[in-house]
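This is what each chain is made of:
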Amino acid sequence: MMSGTEPSSPSSARTSKGLMTRRSSKPSLFSDGLVFAGGAGVALLVFWVVSTFFSAVTVVDPSAFPFSVSSSAAFPDLHDRDPPGATFYDDPSVSYTIDRPLTGWDAKRRDWLRLHPAFGGYGRERVLMVTGSQPGPCRNPVGDHLLLRFFKNKVDYCRRHGIELFYNTALLHPAMNTFWAKLPMVRAAMLAHPEADWVWWVDSDAAFTDMDFELPLDRYRDHNLVVHGWPRLVYEARSWVSLNAGVFLIRNCQWSLDFMAVWAATGPMSPDYDRWGQLQKAEFKDKLFNESDDQSALVYLLLKHKDQWGDKIFLESDYYFEGYWVEIVGRLENMTAKYAAVERQVQGLRRRHAEVANGAYGRLRDRHLSGEDGAVSGPNGWRRPFMTHFTGCQPCSGDHNKMYSGESCWEGMQRALHFADDQVLRDYGFRHADPLSGDVEPLPFDYPSAA
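Note that the structure is a prediction, hence the values are computed from the model and not measured. (Residues numbered from 1 in each chain as written. Predicted model: local features only at pLDDT ≥ 70, side-chain atom pairs only at ≥ 80, totals over all residues. Heavy atoms only, no water.)

## Some points on the sheet that holds strand S2 (residues 164-168)
A sheet is described by the order of its strands in space; here six strands give the open sequence S2-S1-S3-S6-S5-S7, paired in mixed fashion. Among the strands making up the open sheet, the edge pair consists of S2 and strand S7 (313-316). In this sheet, neighbouring strand axes are inclined to one another by 25° on average, regardless of whether the strands run parallel or antiparallel. Running at roughly 160° to S2, helix H3 (residues 143-161) makes contact with strand S1 (127-132), S2 and strand S3 (198-202) of the sheet. (Pairing = 2+ DSSP bridges. Helix = DSSP H or I, 4+ residues; strand = E, 2+ residues; numbered from the N terminus. Axes fitted to C-alpha atoms, helices over the stretch in contact; angles between N-to-C directions. Contact = heavy atoms within 4.5 Å.)

Written out as C-alpha coordinates, the structure is:
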(Lines give C-alpha, C1' and ligand atoms only; values in the text may rest on other atoms or scores of the structure.)
Protein backbone atom coordinates (compact mmCIF):
# COMPACT_ATOMS: atom_id res chain seq x y z
CA MET A 1 0.00 0.00 0.00
CA MET A 2 1.36 3.44 -0.88
CA SER A 3 2.00 5.79 2.00
CA GLY A 4 0.64 9.28 2.26
CA THR A 5 4.08 10.88 1.86
CA GLU A 6 5.24 11.36 -1.69
CA PRO A 7 8.72 10.00 -2.55
CA SER A 8 11.40 12.53 -3.43
CA SER A 9 11.58 13.46 -7.11
CA PRO A 10 14.89 12.97 -8.95
CA SER A 11 14.70 16.61 -10.08
CA SER A 12 14.80 17.72 -6.49
CA ALA A 13 18.41 16.66 -6.09
CA ARG A 14 20.17 20.01 -6.39
CA THR A 15 23.82 20.37 -7.56
CA SER A 16 26.37 23.07 -6.95
CA LYS A 17 29.48 23.83 -8.95
CA GLY A 18 31.30 24.42 -5.72
CA LEU A 19 30.56 20.91 -4.56
CA MET A 20 31.22 19.06 -7.78
CA THR A 21 34.75 17.89 -8.65
CA ARG A 22 36.17 17.58 -12.12
CA ARG A 23 36.02 14.02 -13.34
CA SER A 24 39.29 12.69 -14.71
CA SER A 25 39.29 12.35 -18.46
CA LYS A 26 41.25 9.15 -18.12
CA PRO A 27 39.20 6.26 -16.82
CA SER A 28 40.56 3.92 -14.15
CA LEU A 29 39.70 0.43 -12.97
CA PHE A 30 38.86 1.78 -9.54
CA SER A 31 36.46 4.43 -10.82
CA ASP A 32 34.74 1.94 -13.15
CA GLY A 33 34.36 -0.44 -10.28
CA LEU A 34 32.66 2.24 -8.24
CA VAL A 35 30.30 2.99 -11.11
CA PHE A 36 29.44 -0.73 -11.43
CA ALA A 37 28.94 -1.14 -7.70
CA GLY A 38 26.76 1.97 -7.53
CA GLY A 39 24.61 0.81 -10.42
CA ALA A 40 24.21 -2.62 -8.88
CA GLY A 41 23.18 -1.02 -5.60
CA VAL A 42 20.56 1.10 -7.31
CA ALA A 43 19.24 -1.96 -9.15
CA LEU A 44 18.97 -3.91 -5.90
CA LEU A 45 17.18 -0.97 -4.27
CA VAL A 46 14.66 -0.75 -7.11
CA PHE A 47 14.07 -4.52 -6.95
CA TRP A 48 13.50 -4.38 -3.19
CA VAL A 49 10.99 -1.48 -3.46
CA VAL A 50 9.04 -3.10 -6.32
CA SER A 51 8.95 -6.53 -4.70
CA THR A 52 7.80 -5.02 -1.39
CA PHE A 53 5.00 -3.11 -3.12
CA PHE A 54 3.65 -6.17 -4.90
CA SER A 55 3.97 -8.44 -1.86
CA ALA A 56 1.68 -6.06 0.06
CA VAL A 57 -1.25 -6.91 -2.21
CA THR A 58 -0.66 -10.65 -2.35
CA VAL A 59 -3.89 -12.64 -1.81
CA VAL A 60 -3.62 -14.77 1.32
CA ASP A 61 -4.65 -18.40 1.13
CA PRO A 62 -7.81 -18.80 3.31
CA SER A 63 -6.61 -22.23 4.39
CA ALA A 64 -3.89 -20.50 6.41
CA PHE A 65 -6.53 -19.26 8.89
CA PRO A 66 -7.45 -21.51 11.86
CA PHE A 67 -11.17 -20.81 11.35
CA SER A 68 -13.64 -21.29 8.56
CA VAL A 69 -13.94 -18.60 5.89
CA SER A 70 -17.12 -18.38 3.85
CA SER A 71 -17.44 -16.53 0.59
CA SER A 72 -20.74 -15.10 1.88
CA ALA A 73 -19.27 -13.89 5.17
CA ALA A 74 -17.90 -10.38 5.56
CA PHE A 75 -15.57 -11.55 8.31
CA PRO A 76 -14.23 -14.95 9.39
CA ASP A 77 -16.88 -16.75 11.43
CA LEU A 78 -15.65 -17.30 14.96
CA HIS A 79 -19.04 -18.48 16.23
CA ASP A 80 -18.76 -21.99 14.85
CA ARG A 81 -15.93 -22.93 17.20
CA ASP A 82 -16.77 -25.03 20.25
CA PRO A 83 -14.01 -25.21 22.90
CA PRO A 84 -13.16 -28.72 24.10
CA GLY A 85 -14.12 -28.05 27.72
CA ALA A 86 -17.03 -30.16 29.01
CA THR A 87 -20.44 -28.48 29.26
CA PHE A 88 -23.95 -29.60 30.17
CA TYR A 89 -24.30 -30.89 26.59
CA ASP A 90 -21.89 -33.70 27.53
CA ASP A 91 -24.07 -34.81 30.46
CA PRO A 92 -26.32 -37.72 29.37
CA SER A 93 -28.76 -36.97 32.19
CA VAL A 94 -29.67 -33.59 30.67
CA SER A 95 -32.83 -33.91 28.57
CA TYR A 96 -34.54 -31.48 26.23
CA THR A 97 -38.01 -32.92 26.92
CA ILE A 98 -40.43 -31.10 29.16
CA ASP A 99 -41.34 -34.20 31.18
CA ARG A 100 -37.75 -34.58 32.46
CA PRO A 101 -36.72 -32.21 35.29
CA LEU A 102 -33.55 -30.18 34.98
CA THR A 103 -31.72 -28.62 37.93
CA GLY A 104 -28.77 -26.27 38.24
CA TRP A 105 -29.60 -24.57 34.94
CA ASP A 106 -28.34 -21.13 35.95
CA ALA A 107 -24.89 -22.54 36.76
CA LYS A 108 -24.89 -24.65 33.59
CA ARG A 109 -25.65 -21.59 31.44
CA ARG A 110 -23.05 -19.53 33.26
CA ASP A 111 -20.35 -22.17 32.69
CA TRP A 112 -21.26 -22.47 29.00
CA LEU A 113 -21.09 -18.69 28.52
CA ARG A 114 -17.71 -18.60 30.26
CA LEU A 115 -16.38 -21.05 27.66
CA HIS A 116 -18.07 -19.13 24.82
CA PRO A 117 -17.43 -15.44 25.56
CA ALA A 118 -18.08 -14.49 21.91
CA PHE A 119 -21.79 -15.11 22.56
CA GLY A 120 -22.04 -12.60 25.38
CA GLY A 121 -24.58 -9.85 24.92
CA TYR A 122 -22.00 -7.05 25.36
CA GLY A 123 -24.32 -5.24 27.74
CA ARG A 124 -27.48 -6.07 25.80
CA GLU A 125 -29.75 -8.99 26.63
CA ARG A 126 -30.17 -11.52 23.83
CA VAL A 127 -33.68 -12.52 22.75
CA LEU A 128 -34.70 -15.66 20.85
CA MET A 129 -38.14 -15.63 19.23
CA VAL A 130 -39.92 -18.97 18.99
CA THR A 131 -43.03 -19.60 16.92
CA GLY A 132 -44.45 -22.40 14.80
CA SER A 133 -47.37 -24.18 13.25
CA GLN A 134 -48.81 -27.68 12.87
CA PRO A 135 -46.79 -30.46 11.17
CA GLY A 136 -49.27 -30.93 8.29
CA PRO A 137 -50.87 -28.64 5.72
CA CYS A 138 -53.73 -26.33 6.66
CA ARG A 139 -57.35 -27.31 6.04
CA ASN A 140 -58.24 -23.75 5.14
CA PRO A 141 -57.44 -23.34 1.40
CA VAL A 142 -55.64 -20.04 2.09
CA GLY A 143 -54.32 -21.09 5.49
CA ASP A 144 -50.78 -21.93 4.40
CA HIS A 145 -50.55 -18.64 2.51
CA LEU A 146 -51.66 -16.74 5.61
CA LEU A 147 -49.17 -18.57 7.83
CA LEU A 148 -46.44 -17.67 5.35
CA ARG A 149 -47.47 -14.02 5.52
CA PHE A 150 -47.46 -14.08 9.32
CA PHE A 151 -44.06 -15.78 9.26
CA LYS A 152 -42.65 -13.15 6.89
CA ASN A 153 -43.90 -10.48 9.26
CA LYS A 154 -41.95 -12.02 12.13
CA VAL A 155 -38.83 -12.44 9.99
CA ASP A 156 -39.04 -8.75 9.05
CA TYR A 157 -39.31 -7.67 12.67
CA CYS A 158 -36.47 -9.92 13.82
CA ARG A 159 -34.16 -8.80 11.01
CA ARG A 160 -34.71 -5.17 11.90
CA HIS A 161 -34.01 -5.74 15.60
CA GLY A 162 -31.21 -8.30 15.57
CA ILE A 163 -33.33 -11.11 17.04
CA GLU A 164 -32.81 -14.79 16.26
CA LEU A 165 -35.94 -16.69 15.17
CA PHE A 166 -36.75 -20.39 15.54
CA TYR A 167 -39.80 -21.63 13.61
CA ASN A 168 -40.92 -25.13 14.54
CA THR A 169 -43.45 -27.46 12.90
CA ALA A 170 -42.84 -30.58 15.00
CA LEU A 171 -44.69 -31.72 18.12
CA LEU A 172 -41.95 -32.09 20.72
CA HIS A 173 -44.23 -34.04 23.05
CA PRO A 174 -46.88 -36.35 21.55
CA ALA A 175 -49.56 -35.43 24.10
CA MET A 176 -48.88 -31.68 24.12
CA ASN A 177 -50.68 -30.49 21.00
CA THR A 178 -52.73 -27.45 19.97
CA PHE A 179 -52.14 -24.53 22.36
CA TRP A 180 -50.02 -26.70 24.69
CA ALA A 181 -47.39 -27.39 22.02
CA LYS A 182 -45.61 -24.11 22.79
CA LEU A 183 -44.31 -25.21 26.21
CA PRO A 184 -42.17 -28.14 24.97
CA MET A 185 -40.83 -25.86 22.21
CA VAL A 186 -39.83 -23.12 24.62
CA ARG A 187 -38.25 -25.64 27.01
CA ALA A 188 -36.13 -27.17 24.23
CA ALA A 189 -35.20 -23.73 22.89
CA MET A 190 -33.78 -22.70 26.25
CA LEU A 191 -31.34 -25.61 26.18
CA ALA A 192 -30.53 -25.20 22.49
CA HIS A 193 -29.79 -21.49 22.99
CA PRO A 194 -28.01 -20.95 26.32
CA GLU A 195 -26.73 -17.65 24.89
CA ALA A 196 -30.32 -16.29 24.90
CA ASP A 197 -31.35 -14.36 28.01
CA TRP A 198 -35.01 -14.37 26.99
CA VAL A 199 -37.19 -16.68 24.92
CA TRP A 200 -40.12 -14.92 23.27
CA TRP A 201 -43.05 -17.07 22.27
CA VAL A 202 -45.31 -15.52 19.61
CA ASP A 203 -48.41 -17.33 18.28
CA SER A 204 -48.50 -17.95 14.54
CA ASP A 205 -51.61 -15.72 14.16
CA ALA A 206 -50.02 -12.65 15.78
CA ALA A 207 -48.53 -9.90 13.59
CA PHE A 208 -46.14 -7.10 14.48
CA THR A 209 -47.80 -3.83 13.52
CA ASP A 210 -45.18 -1.41 14.84
CA MET A 211 -41.90 -2.41 13.23
CA ASP A 212 -39.93 0.25 15.13
CA PHE A 213 -41.02 -0.64 18.66
CA GLU A 214 -38.40 -2.33 20.82
CA LEU A 215 -39.13 -4.49 23.84
CA PRO A 216 -38.49 -2.46 27.01
CA LEU A 217 -36.40 -5.21 28.58
CA ASP A 218 -35.11 -3.00 31.36
CA ARG A 219 -38.72 -2.64 32.52
CA TYR A 220 -38.75 -6.39 33.21
CA ARG A 221 -35.35 -6.67 34.91
CA ASP A 222 -36.89 -7.98 38.17
CA HIS A 223 -39.26 -10.43 36.47
CA ASN A 224 -39.00 -13.76 34.69
CA LEU A 225 -42.29 -13.96 32.77
CA VAL A 226 -44.12 -11.20 30.88
CA VAL A 227 -47.66 -11.59 29.53
CA HIS A 228 -50.32 -9.17 28.37
CA GLY A 229 -52.82 -8.94 31.20
CA TRP A 230 -54.58 -6.89 33.86
CA PRO A 231 -54.10 -7.56 37.59
CA ARG A 232 -57.62 -6.43 38.46
CA LEU A 233 -59.15 -8.92 36.03
CA VAL A 234 -56.91 -11.70 37.35
CA TYR A 235 -57.25 -11.20 41.09
CA GLU A 236 -60.62 -9.48 41.41
CA ALA A 237 -62.75 -10.46 38.43
CA ARG A 238 -61.07 -13.90 38.36
CA SER A 239 -61.55 -14.21 34.62
CA TRP A 240 -59.87 -16.77 32.39
CA VAL A 241 -59.44 -14.03 29.72
CA SER A 242 -57.74 -11.64 32.18
CA LEU A 243 -54.50 -12.27 30.29
CA ASN A 244 -53.44 -13.76 26.96
CA ALA A 245 -50.99 -16.66 26.88
CA GLY A 246 -50.50 -16.53 23.10
CA VAL A 247 -47.54 -14.18 23.42
CA PHE A 248 -45.13 -14.27 26.33
CA LEU A 249 -41.56 -13.40 27.17
CA ILE A 250 -39.79 -15.77 29.55
CA ARG A 251 -36.31 -15.52 31.01
CA ASN A 252 -33.89 -18.35 30.30
CA CYS A 253 -33.31 -19.41 33.92
CA GLN A 254 -34.04 -22.12 36.46
CA TRP A 255 -37.13 -20.32 37.76
CA SER A 256 -38.66 -20.52 34.28
CA LEU A 257 -37.90 -24.22 33.88
CA ASP A 258 -39.52 -24.93 37.25
CA PHE A 259 -42.56 -22.80 36.44
CA MET A 260 -43.05 -24.36 33.01
CA ALA A 261 -42.88 -27.82 34.58
CA VAL A 262 -45.76 -26.89 36.91
CA TRP A 263 -47.65 -25.16 34.09
CA ALA A 264 -47.25 -28.14 31.74
CA ALA A 265 -48.41 -30.52 34.47
CA THR A 266 -51.92 -29.08 34.05
CA GLY A 267 -51.93 -30.06 30.38
CA PRO A 268 -52.55 -33.26 28.37
CA MET A 269 -49.28 -34.88 29.49
CA SER A 270 -50.74 -35.11 33.00
CA PRO A 271 -52.86 -38.09 34.13
CA ASP A 272 -54.98 -35.48 35.97
CA TYR A 273 -55.74 -33.50 32.81
CA ASP A 274 -59.51 -33.95 33.04
CA ARG A 275 -59.56 -32.96 36.71
CA TRP A 276 -57.60 -29.78 35.91
CA GLY A 277 -60.28 -28.86 33.37
CA GLN A 278 -63.00 -29.29 35.97
CA LEU A 279 -61.10 -27.17 38.52
CA GLN A 280 -60.64 -24.35 36.01
CA LYS A 281 -64.28 -24.46 34.95
CA ALA A 282 -65.36 -24.22 38.59
CA GLU A 283 -62.93 -21.37 39.31
CA PHE A 284 -63.73 -19.17 36.29
CA LYS A 285 -67.40 -18.35 35.97
CA ASP A 286 -66.88 -16.95 32.46
CA LYS A 287 -65.29 -20.13 31.13
CA LEU A 288 -67.75 -22.16 29.05
CA PHE A 289 -65.79 -25.36 28.39
CA ASN A 290 -64.33 -28.06 30.64
CA GLU A 291 -60.98 -28.60 28.90
CA SER A 292 -57.82 -27.44 30.65
CA ASP A 293 -56.11 -24.87 28.41
CA ASP A 294 -52.78 -23.10 28.82
CA GLN A 295 -54.31 -19.67 29.43
CA SER A 296 -56.77 -20.76 32.12
CA ALA A 297 -53.99 -22.78 33.75
CA LEU A 298 -51.74 -19.72 33.91
CA VAL A 299 -54.45 -17.60 35.53
CA TYR A 300 -55.22 -20.46 37.94
CA LEU A 301 -51.58 -20.68 39.03
CA LEU A 302 -51.49 -16.92 39.64
CA LEU A 303 -54.63 -17.10 41.75
CA LYS A 304 -53.77 -20.19 43.77
CA HIS A 305 -49.98 -19.83 44.01
CA LYS A 306 -49.38 -16.10 43.86
CA ASP A 307 -46.91 -16.22 46.76
CA GLN A 308 -44.77 -18.77 44.93
CA TRP A 309 -44.86 -17.38 41.39
CA GLY A 310 -46.65 -14.05 41.26
CA ASP A 311 -43.76 -11.76 42.20
CA LYS A 312 -41.80 -12.77 39.11
CA ILE A 313 -44.69 -12.50 36.62
CA PHE A 314 -45.24 -9.12 34.97
CA LEU A 315 -48.74 -8.40 33.69
CA GLU A 316 -48.14 -5.84 30.93
CA SER A 317 -51.03 -3.52 30.16
CA ASP A 318 -49.33 -0.20 29.32
CA TYR A 319 -49.01 -1.00 25.62
CA TYR A 320 -50.19 -3.59 23.11
CA PHE A 321 -47.80 -6.38 24.06
CA GLU A 322 -50.36 -8.17 21.93
CA GLY A 323 -53.64 -6.52 21.01
CA TYR A 324 -57.08 -7.85 20.23
CA TRP A 325 -57.52 -7.44 16.48
CA VAL A 326 -61.20 -6.45 16.62
CA GLU A 327 -60.39 -3.17 18.42
CA ILE A 328 -57.39 -2.40 16.16
CA VAL A 329 -57.88 -3.10 12.46
CA GLY A 330 -60.57 -0.49 11.90
CA ARG A 331 -58.21 2.26 13.14
CA LEU A 332 -55.11 1.44 11.10
CA GLU A 333 -55.79 3.87 8.24
CA ASN A 334 -56.25 6.74 10.69
CA MET A 335 -52.93 5.82 12.32
CA THR A 336 -51.22 5.95 8.92
CA ALA A 337 -52.62 9.44 8.32
CA LYS A 338 -51.57 10.66 11.77
CA TYR A 339 -48.01 9.38 11.36
CA ALA A 340 -47.77 10.98 7.91
CA ALA A 341 -48.89 14.33 9.38
CA VAL A 342 -46.08 14.18 11.94
CA GLU A 343 -43.50 13.28 9.28
CA ARG A 344 -44.55 16.21 7.09
CA GLN A 345 -43.41 18.49 9.91
CA VAL A 346 -40.04 16.76 10.45
CA GLN A 347 -37.72 16.57 7.46
CA GLY A 348 -35.40 14.15 9.26
CA LEU A 349 -38.15 11.54 9.37
CA ARG A 350 -38.59 11.75 5.61
CA ARG A 351 -34.94 11.20 4.82
CA ARG A 352 -34.29 8.00 2.90
CA HIS A 353 -31.91 5.62 4.65
CA ALA A 354 -30.64 2.05 4.75
CA GLU A 355 -32.82 -0.47 6.53
CA VAL A 356 -29.97 -1.31 8.87
CA ALA A 357 -30.06 2.30 10.17
CA ASN A 358 -33.76 2.15 10.98
CA GLY A 359 -33.33 2.14 14.74
CA ALA A 360 -32.17 5.76 14.87
CA TYR A 361 -35.16 6.91 12.81
CA GLY A 362 -37.55 4.92 14.97
CA ARG A 363 -36.20 6.63 18.08
CA LEU A 364 -36.44 10.02 16.37
CA ARG A 365 -40.06 9.32 15.42
CA ASP A 366 -40.81 8.25 18.98
CA ARG A 367 -39.49 11.53 20.37
CA HIS A 368 -41.71 13.55 18.07
CA LEU A 369 -44.76 11.39 18.71
CA SER A 370 -44.40 11.83 22.45
CA GLY A 371 -45.47 15.45 22.15
CA GLU A 372 -48.52 14.79 19.97
CA ASP A 373 -52.02 14.83 21.39
CA GLY A 374 -53.57 11.33 21.34
CA ALA A 375 -50.34 9.55 20.42
CA VAL A 376 -50.81 6.87 23.07
CA SER A 377 -51.21 3.13 22.96
CA GLY A 378 -54.60 1.54 23.49
CA PRO A 379 -58.13 1.76 22.11
CA ASN A 380 -58.35 5.52 22.69
CA GLY A 381 -55.07 6.45 21.05
CA TRP A 382 -53.63 6.49 17.53
CA ARG A 383 -50.17 5.10 18.25
CA ARG A 384 -49.32 2.00 16.23
CA PRO A 385 -50.12 -1.18 18.18
CA PHE A 386 -46.98 -3.18 18.81
CA MET A 387 -48.62 -6.49 17.96
CA THR A 388 -52.05 -7.38 16.60
CA HIS A 389 -53.29 -10.83 17.58
CA PHE A 390 -56.00 -12.53 15.53
CA THR A 391 -57.40 -14.50 18.43
CA GLY A 392 -60.33 -16.68 17.38
CA CYS A 393 -59.73 -16.40 13.62
CA GLN A 394 -57.87 -19.74 13.26
CA PRO A 395 -56.29 -18.94 9.86
CA CYS A 396 -54.96 -22.47 9.36
CA SER A 397 -58.05 -24.52 10.13
CA GLY A 398 -60.59 -21.87 9.16
CA ASP A 399 -62.69 -22.81 12.21
CA HIS A 400 -63.06 -19.21 13.37
CA ASN A 401 -65.05 -18.15 16.39
CA LYS A 402 -68.71 -17.73 15.49
CA MET A 403 -68.54 -14.20 16.88
CA TYR A 404 -66.80 -13.19 13.63
CA SER A 405 -67.30 -13.96 9.98
CA GLY A 406 -64.60 -15.52 7.89
CA GLU A 407 -64.60 -12.39 5.73
CA SER A 408 -63.95 -10.08 8.68
CA CYS A 409 -61.02 -12.22 9.81
CA TRP A 410 -59.56 -12.37 6.29
CA GLU A 411 -59.95 -8.63 5.70
CA GLY A 412 -58.55 -7.80 9.12
CA MET A 413 -55.47 -9.93 8.54
CA GLN A 414 -54.91 -8.34 5.14
CA ARG A 415 -55.15 -4.84 6.60
CA ALA A 416 -52.78 -5.57 9.50
CA LEU A 417 -50.19 -7.42 7.41
CA HIS A 418 -50.16 -4.72 4.70
CA PHE A 419 -49.98 -2.01 7.37
CA ALA A 420 -46.86 -3.67 8.79
CA ASP A 421 -45.44 -4.46 5.36
CA ASP A 422 -45.66 -0.82 4.31
CA GLN A 423 -43.32 0.09 7.16
CA VAL A 424 -40.81 -2.44 5.80
CA LEU A 425 -41.29 -1.68 2.10
CA ARG A 426 -40.71 2.02 2.71
CA ASP A 427 -36.99 1.28 3.15
CA TYR A 428 -37.10 -0.37 -0.28
CA GLY A 429 -38.91 2.54 -1.92
CA PHE A 430 -42.44 1.11 -2.18
CA ARG A 431 -45.81 0.86 -0.45
CA HIS A 432 -49.06 -1.00 -1.04
CA ALA A 433 -51.43 0.70 -3.45
CA ASP A 434 -54.36 0.00 -1.14
CA PRO A 435 -54.78 -1.45 2.41
CA LEU A 436 -56.42 -4.56 0.89
CA SER A 437 -54.29 -4.84 -2.24
CA GLY A 438 -51.19 -6.91 -2.78
CA ASP A 439 -50.08 -4.49 -5.51
CA VAL A 440 -47.37 -1.97 -4.67
CA GLU A 441 -46.32 1.39 -6.06
CA PRO A 442 -43.04 3.34 -5.85
CA LEU A 443 -42.75 6.10 -3.28
CA PRO A 444 -41.98 9.64 -4.41
CA PHE A 445 -38.85 11.35 -3.12
CA ASP A 446 -39.32 13.12 0.23
CA TYR A 447 -42.38 11.01 1.05
CA PRO A 448 -44.83 11.82 2.59
CA SER A 449 -44.44 15.56 1.99
CA ALA A 450 -44.68 15.04 -1.78
CA ALA A 451 -47.45 12.43 -1.59
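## Quick word on the sheet that holds strand S9 (residues 387-389)
Taken in spatial order, the three strands make up an open sheet running S4-S9-S8, and their pairing is mixed. Each edge of the open sheet carries a strand with a single partner, namely strand S4 (206-208) and strand S8 (323-324). Judged from the two bridges that link them, S8 and S9 form a sheet pairing that is parallel. Bridge pairing in S9 links Gly 323 to Thr 388.

## Focus: the side chain of His 116
If you trace the backbone, His 116 turns up in the loop between helix H2 (105-115) and S1. Residue classification places His 116 among the buried residues on the basis of a relative accessible area of 5%. A polar atom in the side chain of His 116 sits 2.5 Å from the side chain of Asp 82. For His 116, the side chain forms a polar contact with the main-chain oxygen of Trp 112, separated by 2.8 Å. (Buried < 20%, exposed > 50% of the residue type's maximum accessible area, 1.4 Å probe, protein only. Polar contact = N/O pair within 3.5 Å; in protein donor to acceptor, adjacent residues only side chain to side chain.)

## Some words on the environment of Gly 246
Within the secondary structure, Gly 246 sits in strand S6 (residues 243-251). In this structure Gly 246 comes out as buried when scored by relative accessible area, which is 5%. With 145 residues separating them in the primary sequence, Gly 246 and Thr 391 have C-alpha atoms 8.6 Å apart. If we skip the residues at most four places from it in the chain, Gly 246 touches Lys 182, Trp 201, Val 202, Asp 203 and His 389.

## A look at unusual backbone geometry
A cis amide bond links Tyr 447 to the next residue, Pro 448, at an omega of 10°. Take Pro 448: it is sitting in the segment after strand S11 (440-442). Of note, Thr 178 is a non-glycine position whose phi angle comes to about 45°, a positive value. For Thr 178, the position within the fold is in the loop between S2 and helix H4 (182-192). A positive phi angle is found at Arg 238, which is not glycine, with a value near 50°. Its place among the elements puts Arg 238 in the loop between helix H5 (231-235) and S6.

## Regarding the packing of H4 against helix H6 (residues 254-264)
Contact geometry for H4 and H6: axes closest at 11 Å, N-to-C directions at 160°. Considered as vectors, H4 and H6 are oriented roughly antiparallel to each other. Where H4 crosses over H6, the handedness of that crossing is left-handed. On H6, the residues that touch Leu 183, Val 186, Arg 187 and Met 190 of H4 are Ser 256, Leu 257, Met 260, Trp 263 and Ala 264. In terms of residue class, the contact of H4 with H6 is built from seven nonpolar, one polar and one charged. (Parallel < 35°, antiparallel > 145°, perpendicular 65-115°, else oblique. Left-handed = near helix turned anticlockwise from the far one by under 90°. Nonpolar A, V, L, I, M, F, W, Y, C, P; charged D, E, K, R; others polar.)

## As for a nonpolar patch on the surface
Where nonpolar side chains cluster on the molecular surface, the patch consists of Tyr 324, Val 326 and Met 403 and spans about 300 Å² of accessible area. The residue Met 403 is located in the loop between S9 and helix H13 (406-425) in this model. (Patch = residues over 30% accessible without salt bridge, like charges linked within 9 Å, V, L, I, M, F, W, Y side chains within 5 Å. Areas by Shrake-Rupley, 256 points an atom, 1.4 Å probe, with all protein chains shown as cover. Salt bridge = Lys/Arg side-chain N within 4 Å of Asp/Glu carboxyl O.)

## Some details on the packing of H6 against helix H8 (residues 294-304)
Interaxial distance between H6 and H8 falls to 10 Å at its minimum, and their mutual angle equals 115°. Between H6 and H8 lies a crossing whose hand is right-handed. The segment H6 lies against H8, with Phe 259, Val 262 and Trp 263 engaging Asp 294, Ala 297, Leu 298 and Leu 301.

## Some details on the pairing of S7
The alternating pattern of S7 places Ile 313 and Leu 315 and Phe 314 and Glu 316 on opposite faces, both of which are buried. One ladder, built from four bridges, connects strand S5 (residues 225-229) with S7; its direction is parallel. Note on S7: the bridge partner recorded for His 228 is Glu 316.

## Structural notes on the state of the cysteines
Here a disulfide denotes a covalent bond joining the sulfur atom of one cysteine to the sulfur atom of another. A full pass over the atoms with the stated rule returns two disulfides. Through a disulfide, Cys 138 is tied to Cys 396; the S-S separation comes to 2.2 Å. Measuring the twist about the S-S bond at about -105°, one finds the Cys 138-Cys 396 disulfide to be left-handed. Of this pair, Cys 138 sits in the loop between S1 and H3 while Cys 396 sits in the loop between S9 and H13, placing them 258 residues apart in sequence. Assessed through its relative accessible area of 11%, Cys 138 is described here as buried. Through a disulfide, Cys 393 is tied to Cys 409; the S-S separation comes to 2.1 Å. On the S-S bond that ties Cys 393 to Cys 409, the torsion sits near -85°, and the link is left-handed. (Disulfide = S-S within 2.5 Å.)

## Digging into the environment of Lys 312
One can find Lys 312 in the loop between helix H9 (306-309) and S7. With a relative accessible area of 34%, Lys 312 lands in the partly exposed category. When the C-alpha positions of Lys 312 and Tyr 220 are compared, they lie 9.2 Å apart, and in sequence the two are 92 residues distant. Beyond its immediate stretch of four places on either side in the chain, Lys 312 contacts Asp 222, His 223, Asn 224, Leu 225 and Trp 255.

## A word on the nonpolar core
Ranked by internal contacts, the top residues of the largest apolar core, which has 49 residues, are Leu 225, Phe 248, Phe 259 and Trp 263. Of all the elements, H8 adds the most residues to this core, at seven residues. Phe 248 has contacts with Lys 182, Leu 183, Val 186, Val 199, Trp 200, Trp 201, Leu 225, Val 226, Val 227, Trp 263 and Phe 321, leaving out every residue within four places of it along the chain. Grouped together as the second largest cluster of nonpolar side chains are 25 residues, Leu 146, Leu 349, Cys 409 and Phe 419 included. (Core = buried A, V, L, I, M, F, W, Y, C linked by side-chain atoms within 4.5 Å.)

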